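Chains, contacts and geometry: an overview
If you want the building blocks of each chain, they are given just below.
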Amino acid sequence: MIELRRVHVTLGSAAGPVKILRGIDLKVAAGTSVSVVGPSGSGKSTLLAVVGGIERPTEGAVRVDGQDLGALDEDRLAVFRGRTIGILFQAFHLIPTMTALENVAVALELAGARDAFGEAAARLAEVGLSHRAEHYPGQLSGGEQQRAALARALSNHPKLLLADEPTGNLDQDTGREIVELLFRVQRERGMTLLLITHEPPLAARCDLQLQMADGRLSEAVPAGLRRPSRAAGADG
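Residue numbering note: each chain is counted from 1, following its sequence as written. Two thresholds apply to this predicted model, a pLDDT of at least 70 for residue-level local features and 80 or more for giving and counting side-chain atom pairs, whereas whole-chain, interface and lining totals are computed over all residues. Side-chain descriptors were evaluated using all non-hydrogen atoms of the structure, hydrogens and water having been removed beforehand.

Right, let's talk about the overall build of the chain for a bit. Counting secondary structure elements, the chain contains 7 helices and 10 strands. In this setup the radius of gyration rests on C-alpha atoms only. A globule is expected at 2.2 Å times the number of residues raised to 0.38. Here the chain has a C-alpha radius of gyration of 18 Å; the compact-globule value for 236 residues is 18 Å, and the two agree. In terms of overall dimensions, the chain has C-alpha extents of about 50 × 45 × 40 Å along its principal axes. Only protein chains enter the accessibility calculation, which uses a 1.4 Å probe; a residue whose area is less than 20% of its type maximum is buried, one above 50% is exposed, and one in between is partly exposed. With 236 residues in all, the chain has 48% of them scored as buried. We call two residues contacting when some pair of their heavy atoms lies within 4.5 Å. Sequence separation of at least 24 residues holds for 67% of the intrachain contacts in the chain that already meet a minimum separation of 6. We treat Lys and Arg as the positive residues and Asp and Glu as the negative residues; His and chain ends play no part in the count. A charge is said to be at NZ when it belongs to Lys, at CZ for Arg, at CG for Asp and at CD for Glu. Averaging the coordinates of the 26 positive side-chain charges in the chain and doing the same for the 28 negative ones gives two points 6 Å apart. In this text, helices come from DSSP runs of H or I with a minimum length of four residues, and strands from runs of E with a minimum of two, each type numbered from the N-terminal end.

Attention now goes to the pairing of strand S3 (residues 33-37). A large share of S3 lies buried, amounting to 5 of its 5 residues. Neither face of S3 is exposed, since Ser-33, Ser-35 and Val-37 on one face and Val-34 and Val-36 on the opposite face are all buried. In this structure, S3 lies alongside strand S8 (residues 192-196), joined through 4 bridges in parallel fashion. Bridge pairing in S8 links Ser-33 to Leu-193. Only when DSSP finds a minimum of two bridges between them are two strands counted as paired. In this structure, S3 lies alongside strand S9 (residues 208-213), joined through 4 bridges in parallel fashion. Bridging across to S9, Ser-35 finds its partner in Gln-209.

Only Phe, Tyr and Trp rings take part, Trp by its six-membered ring, and two of them pair if their centres are within 6.5 Å. Stacked means planes under 30 degrees apart, edge-to-face means over 60, and tilted covers everything else. Here the structure, examined in full by the defined rule, presents 0 aromatic pairs. Charges are assigned to positions over rings by a cutoff of 6 Å between ring centre and Lys NZ or Arg CZ, combined with an angular limit of 35 degrees from the ring normal. If you follow Arg-205 out to its NZ or CZ, it ends over the ring of Phe-183, 4.9 Å from the centre.

By the bridge criterion, 5 bridges tie strand S1 (residues 2-11) to strand S4 (residues 59-64) in an arrangement that is antiparallel. Pairing of His-8 across the sheet is with Glu-59, part of S4. Here S4 runs beside strand S5 (residues 67-68); their pairing, made up of 2 bridges, is antiparallel. Its bridge partner being in S5, Val-64 is matched across the sheet by Gln-67. Hairpin connection between S4 and S5: a loop of 2 residues separates the two successive antiparallel strands, and Asp-65 in this loop has a positive phi of roughly 55 degrees.

Whether parallel or antiparallel, the strands of a sheet pair through hydrogen bonds between backbone atoms. One open sheet holds the 6 strands; their spatial order is S6-S7-S8-S3-S9-S10, and the pairing between them is mixed. Each edge of the open sheet carries a strand with a single partner, namely strand S6 (85-88) and strand S10 (216-219). Pairwise comparison of adjacent strand axes, ignoring direction, gives a mean angle of 20 degrees for this sheet. Lines fitted to C-alpha atoms define the axes, with helix axes restricted to the stretch in contact, and inter-axis angles between N-to-C directions lie between 0 and 180 degrees. Across the face of the sheet, helix H5 (residues 142-154) comes into contact with S6 and strand S7 (160-164) while running at roughly 165 degrees to S6. Running over the sheet, helix H6 (residues 172-189) touches S3, S6, S7 and S8 and is turned about 155 degrees from S8.

Next up on the list: the pattern of salt bridges. Salt bridges are defined as contacts in which a side-chain nitrogen from Lys or Arg sits within 4 Å of a carboxyl oxygen from Asp or Glu. For the structure on display, the rule yields 14 salt bridges. With a shortest N-O distance of 3.9 Å, Arg-5 and Glu-3 are connected by a salt bridge. Take Arg-5: its relative accessible area is 44%, and that puts it in the partly exposed class. Taking the relative accessible area as the measure of exposure, Glu-3 reaches 24% and is therefore partly exposed. In this structure, Arg-132 engages Glu-144 in a salt bridge whose closest nitrogen and oxygen atoms are separated by 3.2 Å. Taken together, the residues span a long stretch of sequence, with Arg-132 in the loop between helix H4 (116-126) and H5 and Glu-144 in helix H5 at a distance of 12 residues. By relative accessible area, Arg-132 is classed as buried at 17%. For Glu-144, a relative accessible area of 17% puts it in the buried group. When salt bridges that share partners are traced, they join Glu-119, Arg-123, Glu-126 and Arg-189 into one network.

Once that is clear, we can look at the sheet that holds S4. Overall, antiparallel pairing links the 4 strands, which are arranged S2-S1-S4-S5 in an open sheet. Both edges of this open sheet fall to strand S2 (18-28) and S5, since each of them pairs with a single strand only. Pairing of S1 with S2, which is carried by 7 bridges, proceeds in the antiparallel orientation. By the bridge assignment for S2, Thr-10 is matched with Lys-19.

The following block contains the structure:
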């Protein structure tokens, strides 16, 4: 589902080039859940943006579901992303002047869905938020807002779900509920999940745990089983 080959991202600055990703190699099979942990500034969110086609790599190749993202112009890339990828953000990114139902439906309308509101209602039911469908984001708790955001991310029936710190703005109990919901939906749908997190217990629930440091990716090793790790990315 995901294949990265020697992916580099370098950004310009007044002080000179800044290397964000350094030769990342990664293969993820369909239906697999993968977590990436690492300190702030290590390149985790940039990695997710590259996989999602939001940011172009400076060098290297990115394939998602067999499609070379580098071969697509911006319009075709947007269409591919809309059909294949769902994205769940830490900050929810709900439109404040729209109800939960409308927030989900607007994405479907933009994608040309015939029954956007019917499909949106089904997605809210899937995440347990039907009873709050007509409420605005400001009237929802943090957990309810993240449920609405997850419903929106699922609205296009994605094969790949990208989650960037999905519990970062939630209290512990609410975060636990969202995690259970996220993994249940991932299993039921057979989606591939790429999860960015700072929480080791959450990362450990994934099939594959990766660690990022200084723009390089490696396979994480559980405490007590420390040994030279098999590199999941360039330069270990």
